[in-house]
Amino acid sequence: MEAPEQSLCPEKSLAVEDQGLAVRTLDDSQAAKPEINATIELPNKLKVEKSAVEKEREAFRQAVVKTLEHRLFFHKSFDIYKGVAGLYDFGPLGRDVELNVLSLWRKYFVNEEDMLEVACTALTPEVVFNASGHVKKFTDLMVKDLVDGNFHRADHLVKDYCENRKKDPTISAENAAELDHVISLVEDLSAEELGAKIKEYGITAPVTKNPLSHPPLPFNLMFQTSVGPTGSSIGYLRPETAQGIFNNFKKYYNENGQKLPFAVAQVGRVFRNEISPRQGLLRTREFTLAEVEHFVDPENKSHPKFPHVAKLEFLMFPREEQEKTGQSAKKLRLGEAVAKGIVNSETLGYFIGRVYLFLTRLGIDKERLRFRQHLANEMAHYAADCWDAEIECSYGWIECVGIADRSDYDLRAHSDKSGVALVAQEKLVEPKEVEKLVIKPVRKELGPAFKGNQENVAEALEVD
Ligand SMILES: Nc1ncnc2c1ncn2[C@@H]1O[C@H](COP(=O)(O)OP(=O)(O)OP(=O)(O)O)[C@@H](O)[C@H]1O
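Quick summary incoming for the structure in this document. (Residues numbered from 1 in each chain as written. Predicted model: local features only at pLDDT ≥ 70, side-chain atom pairs only at ≥ 80, totals over all residues. Heavy atoms only, no water.)

### Regarding the nonpolar core
Now for step 1: One finds F314, M316, V343, I352 and F371 to be the most contacted residues of the largest nonpolar core, which totals 35 residues.
Now for step 2: Elements with a minimum of two residues in this core: α3 (92-111), β10 (262-271), α11 (306-309), β12 (313-317), α13 (334-339), α14 (346-362), β14 (369-373) and β15 (385-393).
Now for step 3: Of the residues forming this core, the biggest block, eight residues, is contributed by α14.
Now for step 4: Sequence-distant contacts of F371, defined by excluding residues within four places in its chain, comprise F314, L315, M316, F317, I352, V355, Y356, W387, D388, A389 and I403.
Now for step 5: Judged by nonpolar contacts, the second largest core, of 17 residues, contains V182, V186, L189 and L212. (Core = buried A, V, L, I, M, F, W, Y, C linked by side-chain atoms within 4.5 Å. Buried < 20%, exposed > 50% of the residue type's maximum accessible area, 1.4 Å probe, protein only. Helix = DSSP H or I, 4+ residues; strand = E, 2+ residues; numbered from the N terminus. Contact = heavy atoms within 4.5 Å.)

### Remarks on the side chain of Q266
Now for step 1: As for its position among the elements, Q266 is in strand β10.
Now for step 2: The class for Q266 is buried, based on a relative accessible area of 1%.
Now for step 3: For Q266, the side chain forms a polar contact with the main-chain oxygen of T241, separated by 3.1 Å.
Now for step 4: Beyond its immediate sequence surroundings of up to four residues, Q266 is in contact with V118, A119, C120, R238, T241, I245, L289, A290 and E291. (Polar contact = N/O pair within 3.5 Å; in protein donor to acceptor, adjacent residues only side chain to side chain.)

### Re unusual backbone geometry
Now for step 1: Between H214 and P215 the backbone carries a cis peptide bond, its omega angle lying at -10 degrees.
Now for step 2: Here P215 shows up in the loop between α8 (191-201) and β7 (217-220).
Now for step 3: A cis amide bond links L260 to the next residue, P261, at an omega of -5 degrees.
Now for step 4: By the secondary structure assignment, P261 is in the loop between α10 (249-255) and β10.
Now for step 5: Positive phi values are uncommon outside glycine, yet F78 reaches one of about 50 degrees.
Now for step 6: Among the structural elements, F78 can be located in the loop between β1 (74-76) and β2 (88-90).
Now for step 7: One non-glycine residue, K451, lies in the positive phi region at around 45 degrees.
Now for step 8: The residue K451 is located in the loop between α16 (443-450) and α17 (454-462) in this model.

In structure tokens, the structure reads:
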């Protein structure tokens, strides 16, 4: 997910804003023409300087990419056939970098926390993603170029439009704050709301400037395939590694001596049929994901090692701040964020702290790293609280790690679908007596009353 962008050259942006404001003020006060002309020259000069900085940055990025491709760090896959958008190969040096990063990741997570590391298959039967909700909900909204037929991600078009508008030095501070607000909410907008924004702003297809289809439609990002020769058994390439871990929960729980908490880690290839991949390696259709699922007692989300990270202080951008206009990430002490309930538990806070330590150890600049909380509707269908580690690079603020409290969503969903109880048991210090209402339908009465529906009614009544 992408997030509100802050300018990479803030001083220059501010100067442009200030001068734009000065011109408008002079204009309003009926100032003499030479005075206005002199003041106009300044923002124009700054505008030229600003775009020169941007051009320089773009040229630098292109030069870096060219060198990395030339030295075979990475390059387009199958490029003798002109390649496919969003598919890249790592050459020997790129693979070395990947292995070094993964080895540090193992040290910081798997070894440090004594996790179980596993490797599940990428090819997954449909029933798994029906149960997890991915078949229905793992979608992005897209619009179509009505002339050339190419598809574009609707939220990206609105975000790009707002960011480009913000570059206009004559824009008022109020309008800029409004655009920032739209950028921070863009992933939160429904199909109708995104469609309305596209119309309101008069957005057309990038490059061709052709009109776009309306309203945006959902597109499922999973690659579908069939398993076996008959073609009747549908499968998907996994878009995340976590579902394999949830399906094997009982085995791993037993392996851990039936004790909570425990964590399972997995590194593997995942596949997402991105609508319009762009930004090089940042948005590809096949990539390596390193994931951890930490299983915890839902009634006790404290973490014994939280004091080790509680004093860390770094840039955080809570949901409430994003909902106000004109706000940005501020330095916050992790202990304070958990104590105030901004981060929903010590366990989630602990992993935010570990990710901060890992990324800064990798060499990420602390001033260009922030943790942004998802807005209520932006969160994936399974999440109760979610924070993205975002790094500011030449493409703006880019999500690099997602840290979510998925609650018991997945284990419950797979228990219901498979009939296998994916649960943990805890021996209570004091035995508890619990009163429970259980409905036992009288089946012979249901038949005459509900006829063909009797099974559904019985099933609904039996749920406790
Ligand atoms: N297409 C992609 N190419 C490369 N990396 C990706 C891609 N999609 C997601 N990621 C990375 O995988 C991590 C976990 O994915 P997650 O499901 O949280 O992403 P997401 O929030 O669905 O992304 P978005 O909303 O931007 O599509 C992200 O933090 C990001 O770093």
